[in-house]
Amino acid sequence: MAITRDSDLHTRRFSRNAGLGVVLLGFVAIVFGLTVVKVERGSTMEAYDHQPRTSLLPAEGAQK
Amino acid sequence: MSDISYIQQQDNEARFSDYIALLKPRVMSLVVFTAFVGLVVAPNPVHPFVGFVAILFIALGGGASGALNMWYDADIDRIMRRTRSRPIPAGKVSEREALGFGLALSGISCVMLALATNIFSGLFLAFTIFFYVVIYTMWLKRATPQNIVIGGAAGAFPPMIGWAVATGGISIESIAMFLLVFLWTPPHFWSLALFMKSDYHEAKVPMLTVTHGREHTRKNILVYTLILAPLAVGTGFTSIGGPLYLATAIVMNALFIKGAIEIHGRTEVQAEADKYAVEKRFFYFSLVYLFAHFAALLAEEGLSHIGLGVW
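Residues numbered from 1 in each chain as written. Chains lettered and ligands numbered in written order. Predicted model: local features only at pLDDT ≥ 70, side-chain atom pairs only at ≥ 80, totals over all residues. Heavy atoms only, no water.

1. Observations regarding the overall build of chain A
Selection rule: Each helix is a run of H or I in the DSSP string that is no shorter than four residues. Each strand is a run of E no shorter than two, and both are numbered from the N terminus. Relative accessible area decides the class of each residue, using a 1.4 Å probe on protein chains only: under 20% of the type maximum gives buried, over 50% gives exposed, and in between gives partly exposed. For every accessible area listed, the method is Shrake-Rupley and the probe measures 1.4 Å; residues are considered covered only by the protein chains on display.
Secondary structure assignment for chain A yields 1 helix and 0 strands. Across the 64 residues in chain A, those meeting the buried criterion constitute 16%. Within the structure as shown, chain A displays about 5600 Å² of accessible surface, and the carbon and sulfur contribution to it stands at 62%.

Written out as structure tokens, the structure reads:
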């Protein structure tokens, strides 16, 4: 005979799995969003520490 | 393992909400609010999405330290009435699981904060977690009745981290916000300890009420409140303050001092007669007190944005 009704155990496991799924999707969305923001705003930024790259900064006294 | 014990173990399996409970969501709300204010009142603007992510990972770091605290304090939590239903004493999450969960979240939150904002903020968050877990939970909490005072620093760092997210450093304003929470913590927790006396006593945590008596605790509440008041008002004269903040701080501190004097003037007989009504009122007011100060800082920032800032 097939099991037709979920036990409480299944409900609890579903809650955990669904919660973790939402967290992982949220994390992906955050990384994606951060990437978009960094790329849009960070043309003078260097990769890992987000500090302005000296070679990309306008030289002192340079004419605009 | 017998069939019965297997079934019992399965019955106690954790839900998603049990892992959320490990993060101490109520403490997290204070972290989120103060870190948010620290970030917003800082002079450098932060992209809203970066700001949101920063607050999220500061909160997650705070939650991770909560999970590590629950892992280490599981023995005490089993004794205290207030903490007996937490996921570890309730048998829903094992101690090892909580340790792994806390460590993993600590790493993720610090690295992500550093990547999203700046390295200094990430390191600051790591230091805060270290301070709360190692200095407070593992060392001071069970060693000295001043545990609350020094441990309170961990709860006071979030506004400084928020400020560091925007500025990449520390300044007099961020230290003022730190001191506000730091000096507020002892009167807040000791007033709680006055009407939750049996719990700390049974768990053998050297709370001031247990080691030095309740009269001494009442005196300490007044002393810390008196030190806190000029500092809270003085913050109004920094660049993040203003007349609105000053007015709020003066009213709030006058009421806080009044409450502390009342607590100091009471005997245990009087307190037991009215079921610690004054102590409870002071404890709940302390929550309003802190919220009002940070809300006033936020309001000052809003006013300066629309050109109504005074200094």
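Moving on from the coordinates now.
2. Overview of the interface of chain A and chain B
For the record, the criterion: Only heavy atoms matter for contacts: two residues are in contact if any of them lie within 4.5 Å across the pair. Two parts placed together each lose some accessible area under a 1.4 Å probe, and adding up what both lose gives the buried area. Whenever Lys or Arg places a side-chain nitrogen within 4 Å of a carboxyl oxygen from Asp or Glu, that contact is recorded as a salt bridge. Gly falls in the polar group here, along with every residue not listed as nonpolar (Ala, Val, Leu, Ile, Met, Phe, Trp, Tyr, Cys, Pro) or charged (Asp, Glu, Lys, Arg).
Taken together, the contact between chain A and chain B spans 21 residues of the former and 21 residues of the latter. Carbon and sulfur atoms make up 64% of the surface buried where chain A meets chain B, a total of about 1800 Å² over both sides. At the junction of chain A and chain B, the tally comes to 0 salt bridges. For the side of chain A that touches chain B, a count of residues per class yields 10 nonpolar, 4 polar and 7 charged.

3. Some details on the pattern of salt bridges
All names here are of chain B. Inspection of every chain in the model, using the stated rule, returns 12 salt bridges over all chains. R142 serves as the salt-bridge partner of D73, at 2.8 Å between the closest nitrogen and oxygen. Taken together, the residues D73 in the loop between helix 4 (48–72) and helix 5 (74–79) and R142 in the loop between helix 7 (119–140) and helix 8 (147–167) connect sequence positions 69 residues apart. A residue is classified by how much of its surface remains accessible, and R142, at 34% relative accessible area, is partly exposed. As a salt-bridge pair, R266 and D274 come within 2.8 Å of each other at their nearest N and O atoms. Linked by salt bridges that have partners in common, R214, R218, R266, E268, D274 and E279 make up one network.

4. What about the environment of A296(B)?
Residues and elements named next belong to chain B. Inspection of the secondary structure puts A296 in helix 15 (residues 277–305). Taking relative accessible area as the criterion, A296 reaches 5% and is therefore assigned buried. In this structure the C-alpha to C-alpha distance between A296 and G242, which are 54 residues apart in sequence, comes to 8.9 Å. Discounting residues that sit within four places of it in the chain, A296 has contacts with Y245 and T248.

5. Let's talk about the packing of aromatic side chains
For any two aromatic rings, the description comes down to two numbers: the centre-to-centre distance and the angle of the planes. Residue and element names in this part refer to chain B. Here is the rule: To pair, rings of Phe, Tyr and Trp, with the six-membered ring standing in for Trp, must have centres within 6.5 Å; the planes then decide the type, stacked if under 30 degrees apart, edge-to-face if over 60, and tilted in the middle.
Throughout the structure, instances matching the rule amount to 19 aromatic pairs over all chains. Pairing F49 with F52 gives two aromatic rings, centres 6.2 Å apart and planes at 40°, and the pair type is tilted. Of the two residues, F49 and F52 are both situated in helix 4; the distance of 3 residues between them amounts to about one turn of the helix. Residue class for F49 comes out partly exposed when judged on its relative accessible area of 23%. For F52, a relative accessible area of 46% gives the class partly exposed. Geometrically, the ring pair formed by Y132 and Y136 is stacked, given 5.5 Å between the ring centres and 25° between the ring planes. Placement of the pair is Y132 and Y136 together in helix 7, with a separation of 4 residues, close to one helical turn. Grouping residues by exposure puts Y132 and Y136 together as buried. Feature note: the residues F120, F124, F127, F131, F157, F178 and F182 constitute an aromatic cluster, connected by ring pairs.

6. Description of the layout of surface pockets
Test applied: In this analysis a 1.4 Å probe is tested at points of a 1 Å grid over the protein atoms alone, and where it fits but cannot get out there is a cavity; an open set with protein on both sides within 12 Å along at least five of seven lines is a pocket; lining residues have an atom within 4 Å of a point. Grid points are joined across faces, edges and corners, and a volume is the space filled by probe spheres set on the points.
Its boundaries defined by the atoms lining it, the second largest pocket holds a volume of some 810 Å³. At the level of elements, helix 1 (8–41) of chain A together with helix 2 (16–22), helix 3 (25–41), helix 4 and helix 6 (95–116) of chain B are the ones that each hand at least two residues to the lining of the second largest pocket. Considering each element in turn, the lining of the second largest pocket owes the most residues, 10 residues, to helix 1 of chain A. Here the lining of the second largest pocket is built from residues that sort into 20 nonpolar, 3 polar and 1 charged.

7. Observations concerning the UniProt feature "transmembrane region" (unreviewed entry) in chain A
Filter applied, for reference: UniProt positions are given in the numbering used here, feature names are shortened, and annotations may be inferred rather than shown by experiment.
The feature "transmembrane region" (unreviewed entry), as annotated in UniProt, sits at residues 18–37 of chain A in this numbering. Along residues 18–37 of chain A one finds 100% helix and 0% strand; the C-alpha atoms at either end are 28 Å apart.

8. As for the packing of helix 12 (residues 214–234) of chain B against helix 15 of chain B
Residue and element names in this part refer to chain B. For clarity, the threshold we go by: Axes here mean lines fitted to C-alpha atoms, for a helix over just the part in contact, with angles spanning 0 to 180 degrees between N-to-C directions. Working rule for angles: under 35 degrees goes down as roughly parallel, over 145 as roughly antiparallel, 65 to 115 as roughly perpendicular, anything else as oblique. The handedness criterion is simple: a crossing whose near helix is rotated anticlockwise from the far helix by less than a right angle is left-handed, and one whose near helix is rotated clockwise is right-handed.
Axis separation between helix 12 and helix 15 bottoms out at 14 Å; the angle between their running directions is 20°. As the angle between them shows, helix 12 and helix 15 are arranged roughly parallel. Considering only the axes of helix 12 and helix 15, their crossing is left-handed. Facing R218, I221, T225, L228 and A232 of helix 12, the residues of helix 15 in contact are E279, F282, Y289 and H293. Partitioning the contact of helix 12 with helix 15 into residue classes produces 5 nonpolar, 2 polar and 2 charged.

9. A closer look at the nonpolar core
Residue and element names in this part refer to chain B. For clarity, the threshold we go by: Only buried Ala, Val, Leu, Ile, Met, Phe, Trp, Tyr and Cys residues count toward a nonpolar core, and they belong to the same one when joined by side-chain atoms within 4.5 Å. An automatic or database domain assignment supplies the start and end points of every domain.
Judged by nonpolar contacts, the single largest core of 85 residues is most densely connected at I58, L113, L180, W190, Y289, F294 and L297. When residues of this core are sorted by domain, at least three fall in each of domain 1 (17–168) and domain 2 (171–311). Setting aside residues up to four positions removed in sequence, L180 forms contacts with L228, A232, Y245, Y289, L290, H293 and F294. Counting 9 residues, the second largest nonpolar core, distinct from the first, contains L22, A67, I88 and V93.

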